[in-house]
Structures are given as structure tokens and as C-alpha cells.
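# Analysis of the macromolecular model
The primary structure of each chain is shown beneath.
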Amino acid sequence: MPAARVLIDGPSELVFDYAIPDGLPVQAGCRVRVPLRNRSSTGTVLAVSDADPADLGFALRPLDSLTDPEPLVTPKLLELARWITHYYGCSIESVVRVLLPEAVRTEDKSAKTRKAAVLENEPDADELEKLEKRAPKQATILTLLAHAPDRTLALTDLGNAASTSVRSLEKKGFVKLINLEVRRDPEADNSDELLPTTDLPLTEEQQAALDAILAMEKGFETPSSLPPVPQTRDRTSPLPTSHSALGTAAQRPFLLHGVTGSGKTEVYLQAARQVLDAGKTVLVLVPEISLTPQTVRRFRARFADIQDQVAVLHSHLSQGERFDEWHRIRKGKARIVIGARSAVFAPLPDLGLILVDEEHENSYKQDQVPRYHGRDVAVLRGHLEGATVVLGSATPSLESWQNALDGKYQLLRLTKRVDDQSLPLIRVIDMRLESKKQKSKDTFLSDRLRNAITDRLEKNEQSILFLNRRGFARSLQCPSCGHVCTCPHCALALTYHRTDDRLICHICGHQAIVPRRCPECSDRGIALQGFGTQKVEDVFRKVFPAARIARIDADALRKKNALRDLLNAFRAKKIDVLIGTQMIAKGLHFPNVTLVGILNADIGLHVPDFRAGERVFQLMTQVAGRAGRGSLEGEVIVQTFTPHSPSIQFARHHDFDGFADQELEMRRQFGFPPFTRCAVLTSRSTHERRAEFTLQTLHRRLKEDLPKGIELGEPLPSPLVKAHGQFRFQLMLRGPKGRTLTKHVQQVLEKTTLPEDVTVVFDMDALSFS
């Protein structure tokens, strides 16, 4: 008899088999109601197969019913889910819960409605004339309905106390009352004064890139050369990854490498128009939720005639907004989806184009189960759906760059800014000399930067100052005994925040009152050390009292729409100097910005991570790209204590190729990605010894029958040895194939019984080693 394997809704990840009653059209991806012990529950069908009660030894309980007539998860998305399960070493249940958000799974969420009137029978001239004399309000309502779209209007749009008049008209047979669905638009407040835009003339490089993308989109055929995606969790056949060749040149993803200001967004928009005109849909991924409003505005302005078909998906949506957007996408009412990492699973039908903007960003990597990489999943989804995939960046990840060099991705280059604008001049300031001159180790305003800001203020030009450290001071330290106020739950110094007058942990959020004496020796000389964006703002307001200064960081954006309002004010030239963290580092276009100051380029450079240099280079290049994007030339001033760092010098000369060549050679020699696959196994516990012993035990077992080519690192304390009250130990695995790493670790974990208070986390293609 046919049986369905059902994932039960809830946190416990229960999976049971149920018999399918005759005549019930159940298939994989359907939502069903099932009996569970003495109650009824809902779930998602993972697979349908034939089951023999004789083999099982018992009879399966039958399904109760279908909750939706059609599958909510398509077969291709289920294929994608199985690939994620096998490659990243997570359960299929965890992936399905990402495919079907809680707002879609829970039955207490539904579409928002309001009462509306529909004109069913339009009155003739005599009837209307009589109504105008006896019931003028009813006549006005009929006139409004006659000129309304679809002859339908909500009662709230018909004036005060319209319900009585409408019900009278309903009795007379003129109108009908209905429940009208109301969309909860997450970007409703972002649509004010939206001016439509038209396609801009393209440069030769832009046109060549667009032609290549469209040629692929029109001639794409789903490749058959890839190994099949496993259909069950027990299969171990090799899996395709975003780092594998995807067949012929016409089937490869595109890597669009364009310098900042080269017009990558215009290529995206014109490619999207062609795909939409062909009757297909478009998925746009951005690395940060904060970039979503700007991207939505650009697409709605360009596609003003269908701007209601632009949907938004990200984790900051309310449950109601997520419910509405998800079902609009599934029903084909939204043909453009814009969102952060999780939007890669948007249920778009007829997907034709996937755009991954700023593809190098680490935020595309999920830091919770399932730990997938949004960019890599987008590449595989494009293969499964037969869609064109474009990865765009001014500073591509070295993994993507190597794929392009190997011919696995097709490289497209934009080497010049639009309108022949020049790249900004980058000056490097040695803060070692500046500190001696100013006799202060915490200086962050060099003479060169001070003069440059003064010059911009006199010319009514704008400046951006970047510092990737929020708060007022990075620590509170006693000069007598050396005591530093640290978080009791994390191995990290507490950061002083002046706006809250509290010491705050940036890992777990713990807060403490600022002590007036040293907690260890009672010395009153305990003092603040270092600086953050709050201190920079405070100092700059004193140094430049006439300047209009604003700050953008997580502390300044606690109110809803605060980021949008600040950026709009900056765009309207109501702000002279904008101070911010990495929120202002990418994707923003302000033509009047002619100066960018990087206050401390060393943050993130000297950390135990082989990608540290790459990240600093990327961040410097992206921040510098905010300058000189209009008709005025730009200047970037980089303050650093390590001016001869290759990351800083290559960024200074806008030399991505030179940096990539040097960094790739280092990675090749030491066996790091992209020449190997890298995974991290972490043990966590409130008991330090148990966490350490557990990882040592796993390390010993991993060494047994270690597959050829896999390099197993030693178990060591994590760089951040304690976080959220748990001690952390980790080991690194490297090998030529990611699937081999995952399979070996999963086999060991399945045979190992872990202590109850120890958590073990496996992270394939790990980007964080803290």
C-alpha cells in the first residue's frame, strides 16, 4: 500500500510513516493532517513509497487529510534539501523547516482580510437619479465603485459609516459584500515618492556582460552530466557542489567582477527585465537585511508598472508579513523576490535568473543548523531549476575567483567606473608616527584626515568615516593592577557604551554597571581604553562643531526605519559627516561623498584566521568604493599601524588581481581553501573539562580509518574559548572533497554517545573560527 513519510510540525523533529487512504492525492511536499498518539497534528510529506504490512510487522495508521490541495514544497526544492542534508551533514527535517517558515506551517496564521463592496449590477440612469434624491450616499458609493479597479473598494475607502449604506445596496442587488485580502507589505513605508527610472545607456563592458548573461538564459538547457542528488538519507553517491564544473560553458554560473561604481546593478536590472519579459521569475540575494530597502526601491522604480510584483523575504519580517509574501511568491503573484540568505529558498515558479550581490560576504553563511552557504545553494538551485546564476562583487571571494580561473565559472569583468569616473585616490597614514606626534596611543584623527574633513565641509561635500567597532571604549582597565572588566559568561572584555552608561558584552549581551573603583584593588584610577563609534562621534562633534554629524551602528538603529531615515537624510545632504560600522561599507551610492576615512584598518587583520587578510582587503576596497561616485573626484584616507600589510597595499592600488595571486599562492602552499575543503568540529559545554575530553575522544575516533587525503588537526581551545557561558574547543579537518569530510564525521558522531551537557557542532565550509 502507498505510505507517506511525514515530518511532524514542532521542535522535536519527529518523522513517522502513515498509510495513504485511497483517493487521497498525496505526494512529496504536501502538507497533511495526521493522528499522533491521542491528538491530531500537521506535518510535511518528505517522501511517498510502497509499504508492505507483512514486512513492517504492523499496520500503519492512515493520514487524516490534506491541509493544502497542492504541494507547498516543489520536487526541485526537495532535491535541494536532500543535497544540503548530505553535504552539510544536517537533518532533512532542519532543512524543510527553512523551506517552510513557521508562519507558513502554523495554522493560526492566515491572510489578513477586510470587508469590501463589489459592484454586481450597475444601476441605469433612472435608478441612479432616484438614489441621488432619496439616498445620496448610496448613489455616491455606486459611482465610486463604477470607477474603481475591478469595481471593488474596501468599506474604509467609501467614507465614514459606509457599512449601513452598503448593506442597503446589497439588499437591493446592486453590490455584494466580500472579504478582501489585504497585503501586509513590509516595504510599504519605503515606497514614498518613488520615481520611476528607465534603462541607462551601457558601457561596452556592461553591454558585453549583459549579452553573455542573456545568451545563456535564452539557450540554457539543464545539464545531465551531474551525478544525481540522493533521494534518501542513506545514499552516499557523490554530490554536486558550487565548486564543481557544471557542464558546458553555456551552463556555468557567471562571476561578474566589477570595480566599485562600475554599474553592476544596472546590468542586474536590465538582465532581470529580459527574463521577466520571457515569462520567468527573478531571485535577488543581498548579504545584509539593511541593504534590502535600497535594493527594493531600485527594482520597484525600474519596474514601476509591476512594482506590486516585487516581494521581500528576510528574518526581520513579522509572521503576518512573511505569510503574505511567501504565499504571493508561491501563487505567482510576485515575480521578483529580494531578500537575504534565506530567500534562496523562495518558492518561485519558472525561475529564470538568480542574482547574488556581494557574493563574497560571510553573512551568506548560516551560523545555525542547517549551516548552509547561501551563495553555494543558489548555484546548485540554479542548476536544478535551469536558471542563470550571476555572482557579483568588486572583491570576489577567492573560492569563486579560483572557480573562474579553473573555468567552472564564466568570468565577466567591469574594469572601469561608469561615465569615465576615476577610482578614488587612497592615502595610507602610518599611525605609529601620528601617535608619537600626538603623544597618545588611542589617537584616531590624524592631521591629514582632520584637514581633509575641514576642506570637504568648506566645499559642502560629504564624508564617510568607517570604524568596525561600536560602543564608546573597547574596555575598562585598572592601571595599577592591570585588571580588565570582562564578561562573566564570555572570555571577552566588556565594551563601554556611553548612551546606556553600561558595560556591555558584544557576544551574549550581558550588561554591568560601570565601577568607580577597580573591582580587584579598589584603585580609583580605573580608566577606559580604546575607542568605538560613539567616542568618534563625541570627539568629532567637538572638533567640528558646525558640522552635521550622524552615526550608523547597531546602537543607533534601535527604532524601526531608523536606518532608512538616516540614509535618506544623508542622501538629501542634511548630514555632512556619517560615522558607521560595516553597515555603510557596501552597496550605498551617494554622489556627493568625496572623502572616506578608514579610522583603523587593522581591526580584523591580526586574528587567527587564514582569511583575515582577504577580509581586510575586501572591507577596505568596499568602503573606499563609497567615495567619488559622482562627478567629483574621491579621496580615501586609511589610518593603520601596519601600513606595509599586503592587504592594505594591494587595496591602496585597487589591485585585486595582485592580491588574489599572492593570497592564492599562500593558500596553495599551506593547503587551505579554495584548494581544499575545510570543516570545523566544535564541542561546547558549561564544564570545561568535559568539552575538552569529548573533543579529544572524537579526535581519537576520527583518526581511526581516516580516509586518504584528509588532514585532521589537533583539538585546541577556540580563539574565543568561552561564549554564552560555555567553554569551546575545536578541531579542523581539511580534504579534497567536502562530501568525504562530512561522511566521515557523521559516521563517527553516529557511533558516539555524547555527554548530556556537551553539544557538538559540525560546520562544513566553515568561515568562522572564533
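Residues numbered from 1 in each chain as written. Predicted model: local features only at pLDDT ≥ 70, side-chain atom pairs only at ≥ 80, totals over all residues. Heavy atoms only, no water.

### What about the sheet that holds strand β16 (residues 425-430)?
Taken together, six strands build an open sheet; the order of strands is β16-β26-β25-β17-β24-β23 and the sheet is parallel. At either margin of the open sheet sits one strand with a lone partner, and together these are β16 and β23 (549-552). Taking the axes of each pair of neighbouring strands and ignoring which way they run, one obtains an average angle of 15° across the sheet. Lying over the sheet, helix α14 (residues 431-438) contacts β16 and β26 (635-640), oriented at roughly 55° with respect to β16. Helix α15 (residues 447-458) contacts β16, β17 (462-466), β24 (577-580), β25 (593-598) and β26 of the sheet and is inclined by roughly 160° relative to β25. (Pairing = 2+ DSSP bridges. Helix = DSSP H or I, 4+ residues; strand = E, 2+ residues; numbered from the N terminus. Axes fitted to C-alpha atoms, helices over the stretch in contact; angles between N-to-C directions. Contact = heavy atoms within 4.5 Å.)

### Remarks on the pattern of salt bridges
Scanning the model with the defined rule gives 44 salt bridges in all. Linking Arg31 and Asp9 is a salt bridge whose minimum nitrogen-to-oxygen distance equals 2.6 Å. Here the residue Arg31 occupies a position in strand β3 (residues 31-36), and Asp9 occupies one in the loop between β1 (2-8) and β2 (15-19), the gap between them amounting to 22 residues. For Arg31, a relative accessible area of 3% translates into the label buried. One salt bridge in this structure joins Glu614 and Arg667, with 2.8 Å as the shortest N-O distance. Taken together, the residues span a long stretch of sequence, with Glu614 in helix α18 (residues 612-624) and Arg667 in helix α20 (residues 656-670) at a distance of 53 residues. Pair check on accessibility: Glu614 and Arg667 agree, each one buried. Through salt bridges with shared partners, a single network forms among Arg427, Asp455, Arg456, Lys459, Glu461 and Glu635. (Salt bridge = Lys/Arg side-chain N within 4 Å of Asp/Glu carboxyl O. Buried < 20%, exposed > 50% of the residue type's maximum accessible area, 1.4 Å probe, protein only.)

### Observations concerning the nonpolar core
Judged by nonpolar contacts, the single largest core of 109 residues is most densely connected at Ile84, Leu283, Ile598 and Leu681. Every residue in contact with Leu283, bar those within four places of it in the chain, is listed here: Val337, Ala343, Val344, Ala346, Leu348, Leu351, Leu353, Ile354, Leu355 and Arg381. Val267, Val310, Leu353 and Leu355 belong to the second-largest nonpolar core, a separate cluster that totals 29 residues. (Core = buried A, V, L, I, M, F, W, Y, C linked by side-chain atoms within 4.5 Å.)

### Some points on the packing of aromatic side chains
One pass over the full model with this rule turns up 16 aromatic pairs. Centre to centre, the rings of Phe444 and Phe531 are 4.8 Å apart; their planes meet at 40°, and the pair counts as tilted. Of this pair, Phe444 sits in the loop between α14 and α15 while Phe531 sits in the loop between β22 (527-529) and α16 (533-543); the two residues are 87 residues apart in sequence, bridging distant segments of the chain. In this pair, the class of Phe444 matches that of Phe531, namely buried. Ring centres of Phe610 and Phe672 lie 4.5 Å apart, and the angle between their planes is 15°; on these two criteria the pair is classed as stacked. With Phe610 in the loop between β25 and α18 and Phe672 in the loop between α20 and β27 (677-685), this residue pair connects regions lying 62 residues apart in the sequence. Through a chain of ring-to-ring contacts, three or more aromatic side chains come together here, namely Trp401, Phe617, Phe650, Phe656 and Phe659. Lying across the ring of Phe672, Arg734 places its NZ or CZ 4.4 Å from the centre. (Phe/Tyr/Trp six-rings, centres within 6.5 Å; stacked < 30°, edge-to-face > 60°. Lys NZ or Arg CZ within 6 Å of the ring centre and 35° of its normal.)

### Things to note about the sheet that holds strand β21 (residues 511-513)
The sheet built from three strands is open, its strands ordered β19-β20-β21 with antiparallel pairing. The open sheet has two edge strands with one neighbour each: β19 (495-497) and β21. Averaged over neighbouring strand pairs, the angle between their axes works out to 35° when direction is ignored. Relative to β21, strand β20 (residues 502-504) is paired through three bridges, and the arrangement is antiparallel. In the strand pairing of β21, Ile504 is matched with Gln511.

### Concerning the packing of helix α2 (residues 75-88) against helix α12 (residues 374-385)
As a packed pair, α2 and α12 sit with axes 10 Å apart at the nearest point and diverge in direction by 140°. The pairing of α2 with α12 is recorded here as oblique in orientation. Relative to α12, the crossing made by α2 is right-handed. Contacts between α2 and α12 involve Lys76, Leu77, Glu79, Leu80, Trp83, Ile84 and Tyr88 from the former and Asp376, Val377, Leu380, Arg381, Leu384 and Glu385 from the latter. Partitioning the contact of α2 with α12 into residue classes produces eight nonpolar, no polar and five charged. (Parallel < 35°, antiparallel > 145°, perpendicular 65-115°, else oblique. Left-handed = near helix turned anticlockwise from the far one by under 90°. Nonpolar A, V, L, I, M, F, W, Y, C, P; charged D, E, K, R; others polar.)

### Brief notes about the packing of helix α9 (residues 264-277) against helix α10 (residues 292-302)
Close contact between α9 and α10 brings their axes to 11 Å; oriented N to C, the two are set at 45°. The orientation of α9 relative to α10 falls into the category oblique. Of the two elements, α9 crosses α10, and the hand of that crossing is right-handed. Facing Thr265, Glu266, Leu269, Gln270, Ala272 and Arg273 of α9, the residues of α10 in contact are Arg298, Phe299 and Arg302.

### Quick notes on unusual backbone geometry
Geometrically, the link from Val369 to Pro370 is a cis peptide bond, its omega value of -5° lying close to zero. Within the secondary structure, Pro370 sits in the loop between β13 (351-357) and α12. Following Pro673, the chain continues to Pro674 via a peptide bond in cis, the omega torsion being 15°. Take Pro674: it is sitting in the loop between α20 and β27. Even without being glycine, Asp350 reaches a positive phi, approximately 50°. In this structure, Asp350 sits in the loop between β12 (336-339) and β13. Phi at Asp420 is positive, roughly 55°, even though this residue is not glycine. Within the fold, Asp420 resides in the loop between β15 (410-414) and β16.

### Structural notes on the side chain of Glu359
With respect to the element layout, Glu359 can be found in the loop between β13 and α12. A relative accessible area of 0% places Glu359 in the buried class. Polar side-chain contacts of Glu359 include one of 2.8 Å to the backbone nitrogen of Ser397. In this structure the side chain of Glu359 is engaged in a polar contact, spanning 2.8 Å, whose partner is the side chain of Ser400. When near neighbours in sequence (up to four residues on either side) are disregarded, Glu359 contacts Leu255, Tyr364, Arg375, Leu391, Gly392, Ser393, Pro396, Ser397 and Ser400. (Polar contact = N/O pair within 3.5 Å; in protein donor to acceptor, adjacent residues only side chain to side chain.)

### Side note on the confidence of the model for the protein
With 94% of its residues at a pLDDT of 70 or more, the protein shows a mean pLDDT of 88. Across residues 219-250, where pLDDT falls below 50, the model places 69 contacts with residues more than four positions away in sequence or in other chains. (pLDDT = per-residue confidence, 0-100.)

### Considerations on the pairing of β13
By the criterion of burial, β13 is predominantly enclosed, with seven of the seven residues buried. In terms of strand pairing, strand β10 (residues 281-285) meets β13 through five bridges, oriented parallel. From the neighbouring strand, Thr281 faces β13, where its bridge partner is Leu351. Bridging between β13 and strand β14 (residues 388-393) involves five bridges; their strand directions are parallel. In the strand pairing of β14, Leu355 is matched with Val390. Between β13 and its parallel partner β14, the chain crosses via α12, and the hand of that crossover is right-handed. (Right-handed = clockwise from strand over helix to strand, strands pointing away.)

### A closer look at α10
The buried fraction of α10 is high, at eight of eleven residues. Every buried residue of α10 is accounted for by Thr292, Gln294, Thr295, Val296, Phe299, Arg300, Ala301 and Arg302. Buried residues belonging to α10 abut α9, β10, β11 (310-313), β12, β13 and α17 (562-571).

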